Amino acid sequence: MEQKQGLYDVIVAGGGVQGLSTARYLAKLNVKTLLIDQFAVPHTRGSSHGKSRNIRYTYDKQHYCDMMPEAYRLWSELEKECGQTLLTKIGIFCLRSDKLLMEMAASLKKLNIPYEFLTGEDGEKKFPGFKTGKFNGIYEQQAGVLNADKCVCSLLESFQKLGGTFKQETLCSVNPIEENLVQITTSKGKHFAKSLILTCGPWTNKVLKPLGLCLPITIMKTNIIYWKVKNEDCYMSSNFPLTSVGEMASECYATPQLDFNGLIKISYHHGVEINSPEEAFKPLNEEQSALEKSQISLLKKYITEHYPDVIATEPSSIQPCFYSMTPDEDFILDRHPRYENIIIGAGFSGHGFKMAPVIGSLLGDLALNRKTKYSLGPFSIKRFKDKEELISSIENN
Ligand SMILES: Cc1cc2nc3c(=O)[nH]c(=O)nc-3n(C[C@H](O)[C@H](O)[C@H](O)COP(=O)(O)OP(=O)(O)OC[C@H]3O[C@@H](n4cnc5c(N)ncnc54)[C@H](O)[C@@H]3O)c2cc1C
């Protein structure tokens with residue numbers, strides 16, 4: 001068939017950090033790969049843009065801890081290949097209840113990762129300009145910051161150098177022809193491949209709906225927020241680590257001055273629920289706007305309590321970004337329940353950047369029917385609904 005002359009082994013739809021990592025992994029294996037994105041890559045309308053994403057070894061779930069040594073190794077490999085510094089190790093100082101600190105210490109010991117236990121008082125001495133409240137903390141030196149924009153550009157550059165094809169095209173529809181053949185129609189034409197990988201971030205359900213599937217992913221508009229510091233020497237990344245404190249730790253986090261001089265990033269790990277990513281770029285409705293204001297007020301209170309040398313009156317810069325949240329905040333890495341050669345990587349729940357190179361290898365291995373290095377049990381679609389139930393709801397659609 002004439003159209004199938006350009007048959008690819010794998011098409012990856014979605015060129016955020018997950019799609020790029022997946023496409024690069026496949027290209028490294030000499031797999032003929034097409035990557036498409038609706039926008040030019042890089043862009044600022046998805047989840048993967050910005051100057052910084054945190055990376056650390058410790059996690060409260062073992063299946064993520066297991067991936068972290070490999071994630072560090074793969075980022076370092078990409079750095080060498082592209083001759084760019086992508087990861088800056090500045091450490092993280094986490095202040096928590098003593099019970100949680102004991103658990104963190106146990107998990108760091110198990111992984112053989114160096115750390116320091118600091119009382120609140122010691123922490124304030126070590127990091128002037130920081131108020132620890134009533135909390136003690138653990139300082140994990142090897143944590144750091146990935147430059148998200150540079151990571152995205154390096155992944156694309158590497159993918160293309162390895163012979164991969166990138167096209168700026170919007171995926172409009174998917175036609176699963178047979179077990180080993182799928183056709184996609186894009187804004188610019190048709191393409192065929194043996195397998196299709198969907199890494200469409202907050203657009204995932206829009207793409208899956210015509211394939212009869214709706215995953216429990218909540219789209220949140222969150223914000224990357226920067227604040228002015230009173231004194232430029234304070235909160236420099238050379239002497240101030242990543243920080244998060246106590247009861248607010250799961251909600252607020254701070255990245256010292258690294259991205260822009262004189263500005264510290266202090267943001268929250270939540271946002272405002274929206275129905276489609278496009279909504280984030282229009283004025284929010286009254287209810288959403290009130291919620292966003294209250295979240296920023298809470299952030300100001302957090303700053304006043306813990307970062308006395310930050311001007312907490314108004315943010316200097318606010319940039320929207322998306323979280324694609326699953327109910328348990330675990331990722332979705334699985335096959336479409338009905339079409340085995342359609343693979344889905346979604347629901348990265350605000351914490352998937354650091355592991356992207358590992359995720360790319362897992363999605364790539366699924367597409368190639370290779371054994372995956374880690375168990376995909378925690379990431380299966382079946383955890384939301386029984387497979388049979390999913391297929392029958394697809395067939396009744
Ligand atoms: C503010 C913020 C802070 C974060 N902090 C951290 C952190 O500190 N550490 C960490 O590990 N993670 C963090 N994360 C999470 C991490 O950034 C995300 O998990 C990751 O970026 C998700 O990448 P993605 O490729 O799945 O999605 P995206 O980057 O959104 O990519 C999806 C892509 O698909 C494309 N697309 C969608 N539909 C179509 C279509 N029909 N046709 C063609 N293309 C399409 C889009 O244009 C987009 O480029 C943070 C996220 C945010 C927003």
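Just so it is clear, the model here is predicted, and its values are computed rather than measured.

Examining the pattern of salt bridges
- Throughout the structure, instances matching the rule amount to 18 salt bridges.
- With its nearest N and O atoms 3.2 Å apart, the salt bridge here joins lysine 28 to glutamate 77. Taken together, the residues lysine 28 in helix α1 (residues 17–28) and glutamate 77 in helix α3 (residues 68–82) connect sequence positions 49 residues apart.
- Take lysine 28: its relative accessible area is 39%, and that puts it in the partly exposed class.
- The exposure class of glutamate 77 is partly exposed, given its relative accessible area of 32%.
- A salt bridge links glutamate 292 to lysine 221; the nearest nitrogen and oxygen atoms lie 2.6 Å apart.

Structural notes on the nonpolar core
- Judged by nonpolar contacts, the single largest core of 62 residues is most densely connected at Leu35, Met68, Trp75, Ile197, Phe331, Leu333 and Met355.
- Once residues lying within four places of it in the same chain are set aside, the contact partners of phenylalanine 331 are Tyr64, Ala346, Gly347, Phe348, His351, Gly352, Met355, Ile359, Pro378, Phe379 and Arg383.

Some details on the environment of glutamine 18
- Looking at the secondary structure, you find glutamine 18 in helix α1.
- Along the sequence, glutamine 18 and serine 361 sit 343 residues apart, while their C-alpha atoms lie 9.9 Å from each other.
- Leaving out residues up to four positions away in the same chain, glutamine 18 has contacts with Thr199, Phe348, Gly352, Phe353, Ala356 and Ile359.

Topic: the site of the ligand
- What surrounds the ligand is a group of 35 residues, the closest being Asp37, His43, Ser48, Asn54 and Cys321.
- A distance of 2.7 Å separates an oxygen atom of the ligand from a polar side-chain atom of histidine 43.
- Here the ligand, which alone exposes 1000 Å², has 96% of that area covered by the protein.

Structural notes on the pairing of strand β13 (residues 218–228)
- Within β13, nine of the 11 residues are buried, which leaves it mostly tucked inside the rest of the structure.
- Alignment of β13 against strand β18 (residues 317–325), held across nine bridges, turns out to be antiparallel. Each residue of the ladder has a partner; that of isoleucine 224, found in β18, is glutamine 319.
- Sheet topology note: the β13/strand β17 (residues 272–274) ladder contains three bridges and is antiparallel. Among the inter-strand pairings, isoleucine 219 is bridged to a residue of β17, identified as isoleucine 274.
- Across three bridges, the pairing between β13 and strand β16 (residues 263–268) is antiparallel. Bridge pairing links lysine 228 to leucine 263 in β16.

Cut-offs applied
- Residues numbered from 1 in each chain as written.
- Predicted model: local features only at pLDDT ≥ 70, side-chain atom pairs only at ≥ 80, totals over all residues.
- Heavy atoms only, no water.
- Salt bridge = Lys/Arg side-chain N within 4 Å of Asp/Glu carboxyl O.
- Helix = DSSP H or I, 4+ residues; strand = E, 2+ residues; numbered from the N terminus.
- Buried < 20%, exposed > 50% of the residue type's maximum accessible area, 1.4 Å probe, protein only.
- Core = buried A, V, L, I, M, F, W, Y, C linked by side-chain atoms within 4.5 Å.
- Contact = heavy atoms within 4.5 Å.
- Near = heavy atom within 4 Å.
- Polar contact = N/O pair within 3.5 Å; in protein donor to acceptor, adjacent residues only side chain to side chain.
- Areas by Shrake-Rupley, 256 points an atom, 1.4 Å probe, with all protein chains shown as cover.
- Pairing = 2+ DSSP bridges.

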